[in-house]
Amino acid sequence: MSSKEPRWTQTWLGGVRSAGVDLGYPGERLGLPQEGSGSVSGWGRRIGALVIDWMICTWVVVQLVLRMNPAESPWAPALAFAVQYLLLVGFMGQTFGHRLMGIRVAAMDGGDPRWLPVFVRTVLLSLAVPAVIWDRDHRGVHDRVSNTVVVRM
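Residues numbered from 1 in each chain as written. Predicted model: local features only at pLDDT ≥ 70, side-chain atom pairs only at ≥ 80, totals over all residues. Heavy atoms only, no water.

**Q** Go over the overall build of the chain, please, and point to the residues and values.
**A** Regarding its fold elements, the chain presents six helices and two strands. Taken from N to C terminus, the helices and strands of the chain fall in the order α-α-α-β-α-α-α-β. (Helix = DSSP H or I, 4+ residues; strand = E, 2+ residues; numbered from the N terminus.)

Put into structure tokens, the structure is as follows:
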């Protein structure tokens, strides 16, 4: 093998880009900017928002307001999360965690999502599995089904 030929591992270990395929940046095929406001949110911001929202639902809503022990009623934080997600994303397009992390849920036309897509998205997000199956535009199954995308503010 000559030094000018690529190593055999470059076509699969380096990913599709090393094989000569350029997929572009996340959101490019959706017509979104690469960086700044309106660009697709990264995973760090999304996970940070999820953790913040989950802590609010578990500690503030379930323990302080409802006076329930999450260990005895494990369904309570999940139900509180789903209700707060449905109401806040439905009314404002973002949860408290989204707001603190500088992201929001947007319909594919750029505006706030409507109630039915928010409801479907909330149900699928509550199942967790659709949220971890995502495409190259960082959209999970819950985003694709509800025709939404999480963007930076």
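From this point on, the discussion continues.
**Q** Account for unusual backbone geometry, naming residues and giving values.
**A** The phi dihedral of alanine 128 falls on the positive side, at around 70°, and the residue is not glycine. Residue alanine 128 is classed as partly exposed on the basis of its relative accessible area of 42%. (Buried < 20%, exposed > 50% of the residue type's maximum accessible area, 1.4 Å probe, protein only.)

**Q** Pulling in residues and values, what's your account of the environment of proline 113?
**A** Looking at where proline 113 falls in the secondary structure, it is placed in the loop between strand S1 (103-107) and helix H4 (115-126). Each C-alpha atom, one on proline 113 and one on valine 89, is 8.0 Å from the other, the two residues being 24 residues apart in sequence. Not counting residues up to four positions away in its chain, the partners in contact with proline 113 are Val89, Val105, Ala106, Ala107, Val118 and Thr148. (Contact = heavy atoms within 4.5 Å.)

**Q** How would you sum up the environment of leucine 127? Please name residues and give values.
**A** Tracing the sequence through the fold places leucine 127 in the loop between H4 and helix H5 (129-132). For the pair leucine 127 and alanine 78, spaced 49 residues apart in the sequence, the C-alpha separation amounts to 9.8 Å.

**Q** Summarise the environment of cysteine 57; cite the residues concerned and give the values.
**A** Examined against the element boundaries, cysteine 57 turns out to sit in helix H1 (residues 43-65). Of the residues examined, cysteine 57 reaches a relative accessible area of 1% and is grouped as buried. Here the alpha-carbon distance between cysteine 57 and alanine 80, two residues 23 residues apart in the chain, equals 5.7 Å. When residues no more than four places from it in sequence are discounted, the contact partners of cysteine 57 are Val62, Pro77, Ala80, Phe81 and Gln84.

**Q** Explain the side chain of glutamine 84 to me, using residue names and the numbers behind them.
**A** By the element assignment, glutamine 84 lies in helix H2 (residues 75-92). Apart from residues no more than four positions distant in its own chain, glutamine 84 is found in contact with Asp53, Cys57, Val89, Thr95 and Phe96.

**Q** Just give me the short version of the nonpolar core, but keep the residues and values in it.
**A** Residues Phe81, Tyr85, Val89, Val105 and Leu125 are the most contacted members of the largest nonpolar core, which totals 14 residues. For this core, the secondary structure elements donating two or more residues are H1, H2, S1 and H4. In terms of residue count, the dominant contributor to this core is H2 (five residues). Setting aside residues up to four positions removed in sequence, tyrosine 85 forms contacts with Gly90, Thr95, His98, Val105, Arg121, Thr122 and Leu125. Formed by five residues, the second largest nonpolar core is a distinct cluster that contains Leu32, Ala106, Val149 and Val151. (Core = buried A, V, L, I, M, F, W, Y, C linked by side-chain atoms within 4.5 Å.)

**Q** Can you break down H2 residue by residue, with the values?
**A** In a regular helix each residue adds 1.5 Å, so 18 residues correspond to 26 Å; H2 covers 25 Å between its end C-alpha atoms and thus fits that length. Taken residue by residue, H2 has Ala76, Pro77, Ala80, Phe81, Ala82, Gln84, Tyr85, Leu88, Val89 and Gly90 as its buried positions. Those residues of H2 that are buried lie in contact with H1, helix H3 (96-101), S1 and H4. Trailing H2 by a residue or two, glycine 93 shows a phi angle of about 80°, which is positive. (Expected span 1.5 Å × (residues − 1).)

**Q** Explain the packing of H1 against H2 to me, and be specific about the residues and the numbers.
**A** Taken N-terminus to C-terminus, the directions of H1 and H2 make an angle of 115°; their axes are 9 Å apart at the nearest point. Handedness of the crossing formed by H1 with H2: right-handed. Judged by residue contacts, Leu50, Asp53, Trp54, Cys57, Thr58, Val61 and Val62 of H1 engage Ala76, Pro77, Ala78, Ala80, Phe81 and Gln84 from H2. Across the contact of H1 with H2, the residue classes tally to 10 nonpolar, two polar and one charged. (Axes fitted to C-alpha atoms, helices over the stretch in contact; angles between N-to-C directions. Left-handed = near helix turned anticlockwise from the far one by under 90°. Nonpolar A, V, L, I, M, F, W, Y, C, P; charged D, E, K, R; others polar.)

**Q** Let's hear about H4: which residues, and what values?
**A** Taking 1.5 Å as the rise per residue, H4 with 12 residues should run 16 Å; its terminal C-alpha atoms sit 16 Å apart, in good agreement. By the burial criterion, the buried members of H4 are Val118, Arg121, Thr122, Leu124 and Leu125. The secondary structure elements touched by the buried residues of H4 are H1, H2, S1, H5, helix H6 (141-146) and strand S2 (148-152). Once H4 ends, the next one or two residues include alanine 128, with phi positive near 70°.

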